[in-house]
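Summary of structural features
Below, each chain spelled out in residue letters.
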Amino acid sequence: MKTKCPLPKRFSGTRGVSGILIALLTLVLSTASVAGAAPFAYVSNFMSNTLSVVDPTAARPIATVTVGQLPLGVAVNPSSTRVYVANSWDGTVSVIDTASNTVVATVPVGTNPTGVAVNATGTRVYVANQGTVSVINTATNAVVATISIPGLRQVFGIAINPAGSRVYLSDTAANVVGVIDATSNTFMGVLGTRVYVANHDDSSLSVIDATTNAVLSTMQVGTFPIGVAVSPSGSFVYVANNLDGTVFVYDVAAGAIVRSIDVGLSPYGVATDPTGAFIFVAQDRALGTVSVIRAATNTVVATVRVGENPEVYGSFVAGVPGGTASCDDQIAPLQRQIADLQQQLMAANQTIASLGRQNSDLQGQVNTLTNQVNNLQTQVNNLKTQNATLTTQNTALTSQNATLTSQNATLTSQNATLTSQNTTLASQVTSLKNQITGLQSQMADLQKQLGTLPAENAKLKGDLDTANRMIASFVKRIVDGKTDINVATAVRDAASKMLIEAIAKAGTRDLRVRRAQAEYNEGLAALRAGRYFHAVREFREAYDTAEHVLRR
């Protein structure tokens, strides 16, 4: 089982290697969600030196931003206002303002920066370089610390725990995870816990308990799996299978692959949006695309053309500040309004019941007082027949009778007021019921609109299959057609460019580079001799060998 590039949760995709995701004590290393906003994906185009801003509702990127040379890792801050791009060739990080989609700062970091991550408060950015980690203060866009990471040779993936106290690094060479104490900016060493390993050589996914180094399970996935991402809840793992154009969905609770999603040619980087509603998949081709998958249905809902070789990985998806809400986002507030109105209705009914009880109590008091008045009147009538010596008592009782009559009038007025309040509350209840009915009708209309999306998605998939067949036919016509000096020269130039990149990466002593050089020289000899078909074949073999060097 050959494995490379262990990646903590939130990591997605690496260049030319597979991914391992670390779930440290079910640690959720995810960007804070943006309420009511559609997700945007920020995709680095490796060969174009650009960043594409992808809106899943648009047919093409809404913006293309020029960054440094050979951009790889991308991270978005929690408020979705800044995007940080690691430019591997020139040792810098581009800082992009999401409101204007412009580069507002370029920060020099270490050698060959690849992975990049932002802490939960958005105050620090951590950049994985060759042998070091740079810490950037986001308020000043300046490096405030450089941390040595001895023993780690090829760090691609990087992530931060929600508390911001630990930074986790994945080493593609040693297959270990390093830990940094973010409080003191010191390297603590390496650790191991449960990891998800995409084994590209034997097309499988392994679940490993790294504490005991025991393989818990291994299952077959698609051909040449590369990119891996974990949902924000930790319930699902998404595996991008590069050679068969699919994304597999692994259910963590069930411990099994539960879905295969067709996304098109060469899926590479994969990441989920902060809410877990969408999965973005970058296709690593010369003319790259990004597929958008709706997690609820595991279906592709959009395919967006971006730049060359979008070899992005990291947490490159975020919400849009002030973005337009989707149908799902519209239904959720309506449902909350209905729940609030229902709670108000319940409270109103409780108030009505309480007022009814008060009314009954007051009516009882009125009846009691009325009886008292009647009794006192009887006493007055009896006292009138008594001796004059009882006149003083009679006067006192008459005064009491007047007082009780006044109280009776006051209670009668209170009873009328409560009756009026009861009528008003009943009218409010009727109004609230009507509002609930209207909101339920709106929600039903939105759900009908959602029902048409699968049919539209099926049509888009059919159109994509037709386009792929046309491209294959076009390539076959070129290959089977007559080869002349123009074709041979064009293939020579492409092979030369790829050979130069392979030498820059592996050196002239590498056996694969030497083989590619020999094939290229044979092509030159055939071209000079006028054997153009033989020249094209040798140049093509040199190109494939050099490309294989770059992808290892």
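Residues numbered from 1 in each chain as written. Predicted model: local features only at pLDDT ≥ 70, side-chain atom pairs only at ≥ 80, totals over all residues. Heavy atoms only, no water.

**Observations concerning the side chain of T289**
- Summarising the element assignment, T289 is placed in strand β27 (residues 289-294).
- We classify T289 as buried; its relative accessible area is 16%.
- The residues contacting T289, other than those within four sequence positions of it, are V281, A282, Q283, T303, V304, R305, V306 and P310. (Helix = DSSP H or I, 4+ residues; strand = E, 2+ residues; numbered from the N terminus. Buried < 20%, exposed > 50% of the residue type's maximum accessible area, 1.4 Å probe, protein only. Contact = heavy atoms within 4.5 Å.)

**Considerations on unusual backbone geometry**
- Phi is positive for N49, close to 55°, though the residue is something other than glycine.
- For N49, the location among the structural elements is in the loop between β3 (39-45) and β4 (50-54).
- For N49, a relative accessible area of 23% puts it in the partly exposed group.
- Phi at N141 takes a positive value of approximately 55°, unusual for a residue other than glycine.
- Following the sequence through the fold, N141 ends up in the loop between β12 (132-137) and β13 (142-148).
- Take N141: its relative accessible area is 23%, and that puts it in the partly exposed class.

**A look at the confidence of the model for the protein chain**
- Of the residues in the protein chain, 79% have a pLDDT of 70 or more, and the chain-wide mean is 80.
- For residues 1-37, every residue scores under 50 in pLDDT, and the model assigns this stretch 167 contacts once sequence neighbours within four places are set aside.
- Here residues 470-477 scores under 50 on pLDDT; set against residues more than four positions off or in separate chains, the count is 0 contacts. (pLDDT = per-residue confidence, 0-100.)

**Quick notes on the pairing of strand β25 (residues 267-272)**
- With respect to burial, β25 is a largely interior element, 6 of its 6 residues being buried.
- One ladder, built from 4 bridges, connects β25 with strand β26 (residues 278-283); its direction is antiparallel. Within β26, the residue paired with V270 across the bridge is V281.
- Counted between consecutive antiparallel strands, the loop separating β25 from β26 contains 5 residues, among which G276 sits at a positive phi close to 80°. (Pairing = 2+ DSSP bridges.)

**Concerning the environment of D484**
- Along the chain, D484 turns up in the loop between α3 (453-480) and α4 (485-506).
- Taking C-alpha positions, D484 is 5.9 Å from Y532, a pair spaced 48 residues apart along the chain.
- A polar contact of 2.9 Å, which involves the side chain of D484, links it to the backbone nitrogen of V487. (Polar contact = N/O pair within 3.5 Å; in protein donor to acceptor, adjacent residues only side chain to side chain.)

**Details of the nonpolar core**
- The biggest cluster of nonpolar side chains holds 26 residues, and the ones touching the most others in it are Y42, L51, V83, F280 and F316.
- Secondary structure elements with two or more residues in this core: β3, β4, β5 (63-66), β6 (71-76), β7 (82-87), β26, β27 and β28 (299-305).
- Residue contributions to this core peak at 4 residues, all from β3. (Core = buried A, V, L, I, M, F, W, Y, C linked by side-chain atoms within 4.5 Å.)

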